[in-house]
Amino acid sequence: MTSLDDLPLRDDLRGKSPYGAPQKVVPVALNVNENTHPIPEDVAHDIVARVAAAIIGLNRYPDREFTQLRTALAGYLGHGLVPEQLWAANGSNEVLQHILQAFGGPGRRALGFAPTYSMYGLLSGGTGTEWVTAERDADFELAPGTAVAAVERHDPDVVLLCAPNNPTGTPLSLDTIAAVADAARGVVVVDEAYFEFADPGTPSALTLLEGRPRLLVSRTMSKAFAFAGARVGYLAADPAVIDALRLVRLPYHLSALTQAAALGALAHADEMLAMVDEIRSQRERIVRELAALGYRPYRSGANFVLFGGVDDPHAVFEALLERGILIREIGLPGCLRVTAGTEAETTAFLEAMAAFAPARTAAGA
Ligand SMILES: *Cc1c(COP(=O)(O)O)cnc(C)c1O
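Structure report, in brief.

Conventions and cut-offs
- For every chain, the first residue of the written sequence is number 1, and numbering continues from 1 onward in sequence order.
- Whole-chain, interface and lining totals are the exception, using all residues; otherwise, since this is a predicted model, local features are given only for residues with pLDDT of at least 70 and side-chain atom pairs are given and counted only at 80 or more.
- Values reported for side chains reflect all heavy atoms of the structure, with hydrogen atoms and water molecules removed beforehand.
- Points on a 1 Å grid, built from protein atoms alone, make a cavity when a 1.4 Å probe fits but cannot get out and make a pocket when they are open with protein on both sides within 12 Å along at least 5 of 7 lines; residues with an atom within 4 Å of a point are the lining residues.
- Grid points are joined across faces, edges and corners, and a volume is the space filled by probe spheres set on the points.
- Helix and strand labels come from DSSP, where a helix needs a run of H or I of at least four residues and a strand needs a run of E of at least two; each type is numbered from the N terminus.
- Basically, the charged four are Asp, Glu, Lys and Arg, the nonpolar ten are Ala, Val, Leu, Ile, Met, Phe, Trp, Tyr, Cys and Pro, and anything else, Gly included, counts as polar.
- By convention here, the domain bounds are inherited from an automatic or database domain assignment.
- Each residue is tested against the molecule or strand, and it is near if at least one of its non-hydrogen atoms lies within 4 Å.
- Between N or O atoms, a polar contact is any pair within 3.5 Å; within protein, one atom must be a potential hydrogen donor and the other a potential acceptor, and residues adjacent in sequence are included only when both atoms are from side chains.
- Throughout, a molecule is located in a cavity or pocket provided that more than half of its atoms lie within 2 Å of its grid points.
- The residues that make up patches have over 30% relative accessible area and no salt bridge, and they are joined within 9 Å when like-charged or within 5 Å when they are Val, Leu, Ile, Met, Phe, Trp or Tyr.
- Note on areas: Shrake-Rupley, 1.4 Å probe, and residue coverage restricted to the protein chains presented here.
- Salt bridge, as used here, is a side-chain nitrogen of Lys or Arg placed within 4 Å of a carboxyl oxygen of Asp or Glu.
- We score Asp and Glu as negative and Lys and Arg as positive, and we do not count His or the chain ends.
- For charged residues, the charge sits on one atom: NZ in Lys, CZ in Arg, CG in Asp, CD in Glu.
- Here the axes come from fitting lines to C-alpha atoms, over the contacting stretch only for helices, and the angles between their N-to-C directions go from 0 to 180 degrees.
- When an angle is under 35 degrees it counts as roughly parallel; over 145 it counts as roughly antiparallel; between 65 and 115 it counts as roughly perpendicular; any other value is oblique.
- Left-handed is the label given to a crossing in which the near helix is rotated counterclockwise from the far helix by less than a right angle, and right-handed is the label when the rotation is clockwise.
- Working rule for contacts: check all heavy atoms of both residues, and any pair within 4.5 Å makes them a contact.

**Topic: the layout of surface pockets**
- Put simply, the largest pocket is a space of about 880 Å³.
- Residue lining of the largest pocket: 42 residues in total, with Tyr-19, Ala-21, Val-32, Tyr-117 and Arg-328 positioned closest to the centre.
- Sorting the residues of the lining of the largest pocket by element identifies α3 (92-103) and α4 (118-126) as the ones contributing at least two each.
- The element contributing the most residues to the lining of the largest pocket is α4, with four residues.
- In the lining of the largest pocket, the residues fall into 20 nonpolar, 13 polar and nine charged.
- Counting only domains with at least three residues in the lining of the largest pocket, you end up with domain 1 (22-39 + 274-364) and domain 2 (41-267).
- Empty space within the second largest pocket amounts to approximately 260 Å³.
- Pro-171, Leu-172, Ala-198, Thr-202 and Pro-203 are the residues nearest the centre of the second largest pocket, which is lined by 17 residues in total.
- Split into classes, the residues belonging to the lining of the second largest pocket amount to ten nonpolar, four polar and three charged.
- A domain split of the lining of the second largest pocket shows at least three residues from each of domain 1 (22-39 + 274-364) and domain 2 (41-267).

What follows is the structure in structure tokens.
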């Protein structure tokens, strides 16, 4: 048997582990922040029809510039954006990879604020970019002064701001984003993967793009849009940034099938996003009920909740799994993360958590 050690692998990849959130088939999967509501059937039929039409033309390469899709994405985002400011790829992970290929790379440094999305470190590693992290304030918040001090200390080529932050759920203020954008010499990426779950009225970093050509805002169709399996992420930035990303993308990276499916989903954006309010109310229910049980849920602007106060997170993770409920261990002491699912899934999770609740132990003591 050949092992990795026998291969002439890049030295900087030796000893690393791939992304590996468990993919188990369970009745209640609340571990990777998917939208657990299925796609509405009429939308699915329209997407099937569009994909079917695209199949007839698969003898030809797809539109390399995915012009229709960029136009639809600009329309969806609003904020006066034009198609020349839009980019898309196979998931926002690929968008982030393009950014690191173009603006990071050997001899360059990317900065994030830990704990944050684990893919930032992996994508930095894969592109030969040095990955450094700075600390957050209490309760995983990130004040402008804290963020700017880290930028000044590390002088990064790329700053990755996750807003709201995964795995903590912490919303990020525009004040912090603007302060980082003004202090940084490199590009500043705001990853708004969960933006649609923010409380109504929360402003997007898109409002800061004007006059800031090194500010990039990425989004995804994987979460609120219930389209994780299709792999579509996108970005809004200055047209010059889009030109930079063209230098590193593979030709025809977005298949004709992906483009057709994404256009179908965007044509029904209202219906695709119809469950967002319901998911947000399940998130609030999780925060409320976990707190009542004596756990310590953190503030969340996403479709998931991080909570502390768990004596033995691994034991609770395993006990939930035995009941067919999959949540996430994220390596933070005393903490676990759960996705807000349907009402029934949330009920199953909360009922199971009541069985291990600290409040109950305290009351009985
Ligand atoms: C889920 C997630 C994404 C989305 O990744 P895709 O490649 O678009 O599926 C991006 N950023 C963060 C922080 C996420 O949690």
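**A word on the site of the ligand**
- Not every one of the 13 residues close to the ligand is listed here, only the nearest: Ser-92, Tyr-194, Thr-220, Ser-222 and Lys-223.
- Contacts to the ligand include Ser-92, whose backbone N or O atom sits 2.6 Å from an oxygen atom.
- The cavity that encloses the ligand is the largest pocket.
- Considering only residue class, the shell around the ligand consists of four nonpolar, six polar and three charged.

**Details of a negative patch on the surface**
- Taken together, Asp-311, Asp-312, Glu-318, Glu-322 and Glu-329 make up a surface patch of like negative charges.
- Mapped onto the elements of the fold, Asp-312 is located in the loop between β10 (304-308) and α11 (313-322).

**Overview of the packing of α3 against α4**
- Taken N-terminus to C-terminus, the directions of α3 and α4 make an angle of 45 degrees; their axes are 10 Å apart at the nearest point. Considering the angle they form, α3 stands oblique to α4. The element α3 and its partner α4 pack so that their crossing is right-handed. Residue-level contacts link Asn-93, Leu-96, Gln-97 and Leu-100 of α3 to Met-119, Tyr-120, Leu-123 and Ser-124 of α4.

**Comments concerning unusual backbone geometry**
- A cis amide bond, omega -5 degrees, links Ala-114 with the succeeding residue Pro-115.
- Structurally, Pro-115 is set in the loop between β3 (109-114) and α4.
- For the bond running from Ala-163 to Pro-164, omega is -5 degrees, close enough to zero to count as cis.
- Along the chain, Pro-164 falls in the loop between β5 (158-162) and α6 (174-183).

None of this, on its own, says anything about what the molecule does.
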